[in-house]
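Observations on the three-dimensional arrangement
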There are 2 protein chains.
Amino acid sequence: MIDQDNRSVDGAEAIADFRRQIDGIDARLVHLLAERFRITREVGRFKALKQLPPRDPGREGALLDAVSAMAREQGLQPEIARAVMRLILDEVVRQHHALRTETEQRP
Amino acid sequence: MIDQDNRSVDGAEAIADFRRQIDGIDARLVHLLAERFRITREVGRFKALKQLPPRDPGREGALLDAVSAMAREQGLQPEIARAVMRLILDEVVRQHHALRTETEQRP
């Protein structure tokens, strides 16, 4: 009984400790994402103003390769880093197209 | 001609500067993802050992709500933070199931 209780308390504490670490990481992840999208919005406005194309497939490929390489070095499956980056890039391109349309429609 | 050249050089420099900032953020993002998956692998091993369920829908819902709220506070669309977190959580659950199966198959 005591043994079982102790074991269950240990388990709950261990999980709680892991979760605190994860929560700290998630806060930093969201902070970085917010920062990244602030910059890419600037890029989108700049590109719209200068009539540069909203999408740069060469740059996208380079970014996907870079995160894959960094992931591999750090023991993270490169597919995970690529999937996260692909999701981010798709959203960036969507926003850049929207900014382009907004700029063109301005009187 | 000079004006056009200057403008194009300015544009290239501005884009290059934005990209340097983005590259710095991406390196930090990959680092955090690697760290997060190191911890969740520990959690997965621990859960498999203690025969705890690989998935905790309550915790997943709480994490999605937390990143949405943090995103909103920081001017990031909550849908983006949720989509990134959903992708991460799906992969974590996949890994936890795999660790469970491995542990059970151990002689």
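Residues numbered from 1 in each chain as written. Chains lettered and ligands numbered in written order. Predicted model: local features only at pLDDT ≥ 70, side-chain atom pairs only at ≥ 80, totals over all residues. Heavy atoms only, no water.

Of the regular secondary structure elements, chain A holds three helices and zero strands. Listing each helix as α and each strand as β along chain A from the N terminus yields α-α-α. What you see for chain A is a C-alpha radius of gyration of 21 Å, clearly larger than the 13 Å of a compact globule of 107 residues, by over 25%. Judged by the C-alpha coordinates and their principal axes, chain A covers about 75 × 30 × 15 Å. Burial analysis of chain A (107 residues in total) assigns 40% to the buried set. Residue pairs at least 24 apart in sequence account for 69% of intrachain contacts in chain A once pairs closer than 6 positions are excluded. Accessible surface computed for chain A: about 6,100 Å², of which carbon and sulfur atoms make up 54%. Between the mean site of the 18 positive side-chain charges and the mean site of the 18 negative ones, chain A shows a separation of 10 Å. (Helix = DSSP H or I, 4+ residues; strand = E, 2+ residues; numbered from the N terminus. Rg over C-alpha atoms; globule rule 2.2 N^0.38 Å. Buried < 20%, exposed > 50% of the residue type's maximum accessible area, 1.4 Å probe, protein only. Contact = heavy atoms within 4.5 Å. Areas by Shrake-Rupley, 256 points an atom, 1.4 Å probe, with all protein chains shown as cover. Lys, Arg positive; Asp, Glu negative; His and termini not counted. Charge placed at Lys NZ, Arg CZ, Asp CG, Glu CD.)

Once that is clear, we can look at the relation of the copies chain B and chain A. Mapping chain B onto chain A is achieved by rotating through 180° and translating by 0.0 Å along the same axis, at an RMSD of 0.0 Å. Such a combination of turn and shift is consistent with a two-fold rotation axis. Most of the interface of chain B is mirrored in chain A, where 100% of its interface residues are also at the interface. (Least-squares fit on C-alpha atoms with pLDDT ≥ 70 in both.)

Here we take up the interface of chain B and chain A. At the interface, 52 residues of chain B touch 52 residues of chain A. For the pair chain B and chain A, the summed buried surface comes to about 4,700 Å²; carbon and sulfur atoms form 73% of the total. Looking at the side of chain B facing chain A, the largest losses of area belong to Leu32(B), Arg59(B) and Gln74(B), adding up to 13% of the total buried there. Our count for the chain B to chain A interface comes out at six salt bridges. Notably, a salt bridge pairs Arg19(B) with Asp56(A), separated by 3.0 Å at the nearest N-O pair. At the junction of chain B and chain A, the tally comes to 10 residue pairs in polar contact (both at pLDDT 80 or more). Elements with a minimum of two residues in the side of chain B that touches chain A: α1 (2–49), α2 (57–73) and α3 (78–105) of chain B. Of the residues in the side of chain B that touches chain A, the class split is 27 nonpolar, eight polar and 17 charged. (Buried area = accessible area lost by both parts, 1.4 Å probe. Salt bridge = Lys/Arg side-chain N within 4 Å of Asp/Glu carboxyl O. Polar contact = N/O pair within 3.5 Å; in protein donor to acceptor, adjacent residues only side chain to side chain. Nonpolar A, V, L, I, M, F, W, Y, C, P; charged D, E, K, R; others polar.)

Formed by 51 residues in total, the largest nonpolar core has its most connected members in Leu29(A), Leu76(A), Ile88(A), Leu29(B), Leu76(B) and Ile88(B). Each residue touching Leu76(B), except ones within four places of it in the same chain, is listed here: Val30(A), Leu33(A), Ala34(A), Phe37(A), Ala71(B) and Ala81(B). (Core = buried A, V, L, I, M, F, W, Y, C linked by side-chain atoms within 4.5 Å.)

Within the secondary structure, Asp26(B) sits in helix α1. Classification of Asp26(B) as buried rests on a relative accessible area of 2%. Ignoring any residue separated from it by four or fewer positions in sequence, one finds Asp26(B) in contact with Arg36(A), Leu63(A), Val67(A), Met70(A) and Met85(A).

The final tally for this structure, using the stated rule, is two aromatic pairs over all chains. For the ring pair Phe18(A) and Phe46(B), a centre distance of 6.3 Å and an interplane angle of 70° mean the geometry is edge-to-face. Of this pair, Phe18(A) sits in helix α1 (residues 2–50) while Phe46(B) sits in helix α1, each in a different chain. We note that Phe18(A), like Phe46(B), is buried. (Phe/Tyr/Trp six-rings, centres within 6.5 Å; stacked < 30°, edge-to-face > 60°.)

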